[in-house]
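So you can see what is in the structure, the chains are spelled out below.
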Amino acid sequence: MPVYSAPVDDTLFLLNDVFGFEKYSNLPRFGEATPDLVEAILREGAKFCEEQVQPLNRVGDSQGCTRHEDGSVSTPDGFKAVYHAYSEGGWGGLSIPEELGGQGLPQILTNILNEYLCSANMAFAMYPGLTAGAMAALMMHASEEAQKIYIPKMASGEWTGTMNLTEPHCGTDLGLLRTKAVPNGDGTYKISGTKIFISAGEHDMAENIVHLVLARIEGAPAGTKGISLFLVPKFKVDADGNLGDANGVSCGSIEEKMGIHGNSTCVMNYDSSEGVLVGEEHKGLRAMFTMMNEARLGVGIQGLSQSEVAYQNAVTYARERLQGRSLTGAKAPEKAADPIIVHPDVRRVLMSIRSFNEAARALTIWAGLHGDISHVAEDEAQKQASEDVMALLTPVIKGVLTDKGFDNAVMAQQMYGGHGYIAEWGMEQFVRDARIAMIYEGANGIQALDLVGRKLPANGGRAVQAFFKEVHKFLKEHEESEEFASFMKPLRKGLEDLQAASMWLMQNGMKNPDNAGAASTDYMHLMGLVALGYMWGRIAVTAKAQIKAGANGKAEWLDNKLTLGKFFMERTMPETSAHLARISSGCDTMMSLEADAF
């Protein structure tokens, strides 16, 4: 049976030592988050995920969700009870403002716990994860009245939330959507249409489900400029938050999926359902993107989570599985064979996965801290700088971490040989569950186009230039020291490759937009490598400083991190050159075949 242990010590090292969490204590929300409280929250959350959520992962996968004749949906055995325990523990309201029923702590704590939750049971984690995204959109764009009615109920777990974008005939191109909204004359609208792929669209774990639905008001402009966002609850809600009649919202069917079977992915039908406008008319995409950006960071964390849990199980198997002898002589002569962890190629796989995981965790925490700062900083320059970091890195985190998370789950499965293909070992579930993260909330090709087409040129390239400047400043501070050479030289080369790729895009992307499209995925991964390398540089500087200071009994633990980081710099960072070469080849060959030649 699969196992999982939340990496709390790694998280605390990053949060406190590498990124200096305490230096933000002067900001709103951070003041109450003392180191002792943060550690207590993370350890208790880890315990909950390990002991209550993780045991349901196989259950959810094997049972799936069941739609009944009346359109209701039952979740797998145990999901409802554990969700109630999650809600009673206050986990859903951890980062919601106190005046809206939450605990008012930084969002970064919720992000970290989301990794633990997704590693333990990704399908289960999606229910509260979507609710968190819906609350974020409501806090940014809904009326004060709607916020007071809906958010406390969602923060408490009594109600859950969803996002409804995709329709049968359109996915990414939302300008084609047909769901319509007809004014009732009293400030509400009748919403009619069908949405597909709606995660957590119907279930039995909460008494109401709050759907955020994109629709077009009658007479609205064509395309994306005519889309509005509506709040459409499963059951109508009065001004005091009391539930009323059913609201014409129904689950037509549950999608038969490759993975995440424990989450109910529904076809949702809206039959003159009563909805309330969120934000301004025809500005729905702007409001929905608040939720989508929250979701994209969360999906990147899902990629990391499946890589982490798959790695943990692969290590356990590699230590126990006896196969062959070490190339340099028997390491377990008393046994019939050596454990496979003695073999260099097994080490290559395991170290590749773990060195990615540790840097990816650092990247999500660093970006998450900037996310908090962008919301609560009082200094406008600091606020804008953090907003730029989040805008630039969101597509990178979503695209790179989910691409690599899936690759790593496959490599971890490979450690088991034929057993990895058999359901009872659990590895094939990690592969299947990881696969969706590359697709939903904007497929990764779209993330790459967003990065190259929107995020790079935004505000005259301000965000990417600030990123270059930050990494360059870090290099200047440390690259003259020989003790950091194994980290700084590869990072310097990666940064130079990224800057060269950026210059190539500036010179060639506008001449022929297909050049930008052809380069986009390689550019996204090139930027991801530099960001991950930068994280390893910061980890190395911190680890070496702590070792010099005595290490407080953690010298071996810190040395192991340095070894992992050095492996990443030796084995993974050189891939920046390959990405640059592919980018520089342009689009001519790629676009030369006629469509019917494929």
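Residues numbered from 1 in each chain as written. Predicted model: local features only at pLDDT ≥ 70, side-chain atom pairs only at ≥ 80, totals over all residues. Heavy atoms only, no water.

(A) Expanded view of unusual backbone geometry. Non-glycine residue F197 carries a positive phi angle of around 60°. Mapped onto the fold, F197 is located in strand β5 (residues 188-199). Under the relative-accessibility criterion, F197 is labelled exposed at 51%. Despite not being glycine, S272 has its phi angle at roughly 50°, a positive value. Assignment of secondary structure puts S272 in strand β11 (residues 265-278). (Helix = DSSP H or I, 4+ residues; strand = E, 2+ residues; numbered from the N terminus. Buried < 20%, exposed > 50% of the residue type's maximum accessible area, 1.4 Å probe, protein only.)

(B) Structural detail: the layout of surface pockets. Considering only enclosed or pocket space, the second largest pocket measures out at about 630 Å³ in volume. Around the second largest pocket, the lining comprises 23 residues; the ones closest to its centre are Y311, V315, R319, R354 and L564. Those elements giving two or more residues to the lining of the second largest pocket turn out to be α1 (8-18), α7 (284-320), α8 (344-376) and α15 (555-571). The leading source of residues in the lining of the second largest pocket is α8, at seven residues. Residues belonging to the lining of the second largest pocket are distributed by class as follows: 10 nonpolar, six polar and seven charged. (1 Å grid on protein atoms, 1.4 Å probe; cavity = no way out; pocket = protein on both sides within 12 Å on 5 of 7 lines; lining within 4 Å. Points joined across faces, edges and corners; volume = space filled by probe spheres on them. Nonpolar A, V, L, I, M, F, W, Y, C, P; charged D, E, K, R; others polar.)

(C) How the structure looks around the pattern of salt bridges. Scanning the entire structure with this criterion turns up 25 salt bridges. The salt bridge involving K153 is made with E158; its shortest N-O contact spans 3.4 Å. A salt bridge links R361 to E308; the nearest nitrogen and oxygen atoms lie 3.0 Å apart. Within this pair, whereas R361 is found in helix α8, its partner E308 is found in helix α7, the two being separated by 53 residues in sequence. Each member of the pair, R361 as well as E308, carries the same accessibility label: buried. Through salt bridges that share partners, D10, R354, E358 and K561 make up one connected network. (Salt bridge = Lys/Arg side-chain N within 4 Å of Asp/Glu carboxyl O.)

(D) A look at the pairing of strand β6 (residues 208-217). Of all 10 residues in β6, 10 are buried; the element is thus mostly enclosed. Neither face of β6 is open: one carries N208, V210, L212, L214 and R216, the other I209, H211, V213, A215 and I217, and all of them are buried. Here strand β3 (residues 159-164) runs beside β6; their pairing, made up of six bridges, is parallel. Across the sheet, residue W159 finds its bridge partner in β6, namely N208. Pairing geometry for strand β4 (residues 180-183) and β6, over two bridges, is parallel. (Pairing = 2+ DSSP bridges.)

(E) Examining helix α12 (residues 462-478) more closely. Look at α12: 25 Å from first C-alpha to last across 17 residues, which is about the 24 Å you get at 1.5 Å a residue. Every buried residue of α12 is listed here: A463, V464, F467, F468, V471, F474, L475 and H478. Relative to the axis of α12, the buried residues are bounded by an arc of 140° and lie together on one face. Those residues of α12 that are exposed and angled more than 90 degrees off the buried face are K469, K473 and K476. (Expected span 1.5 Å × (residues − 1). Arc of directions from axis to C-beta.)

(F) Layout of the packing of aromatic side chains. Using the criterion set out here, one finds 13 aromatic pairs in the structure. Ring geometry for F48 versus Y86: centroids 6.3 Å apart, planes at 40°, classification tilted. With F48 in helix α2 (residues 35-53) and Y86 in helix α4 (residues 79-88), this residue pair connects regions lying 38 residues apart in the sequence. Both residues of the pair, F48 and Y86, count as buried. Considering the side-chain rings of Y317 and Y416, the 4.1 Å spacing of their centres and the 20° angle between planes classify their relative orientation as stacked. Of this pair, Y317 sits in helix α7 while Y416 sits in the loop between α9 (380-414) and α10 (427-436), and the two are 99 residues apart along the sequence. Each member of the pair, Y317 as well as Y416, carries the same accessibility label: buried. A network of ring pairs unites the aromatic residues F21, Y24 and F30 as a single cluster. (Phe/Tyr/Trp six-rings, centres within 6.5 Å; stacked < 30°, edge-to-face > 60°.)

(G) A nonpolar patch on the surface, seen in detail. A surface patch of nonpolar side chains, amounting to about 350 Å² of accessible area, comprises Y421, I422 and W425. For W425, the position within the fold is in the loop between α9 and α10. Given a relative accessible area of 30%, W425 falls into the partly exposed group. (Patch = residues over 30% accessible without salt bridge, like charges linked within 9 Å, V, L, I, M, F, W, Y side chains within 5 Å. Areas by Shrake-Rupley, 256 points an atom, 1.4 Å probe, with all protein chains shown as cover.)

(H) Geometry of the environment of L297. In this fold, L297 is placed in helix α7. Among the residues examined, L297 registers a relative accessible area of 8% and is labelled buried. Residues in contact with L297, not counting those within four places in the same chain, are N111, M390 and I397. (Contact = heavy atoms within 4.5 Å.)

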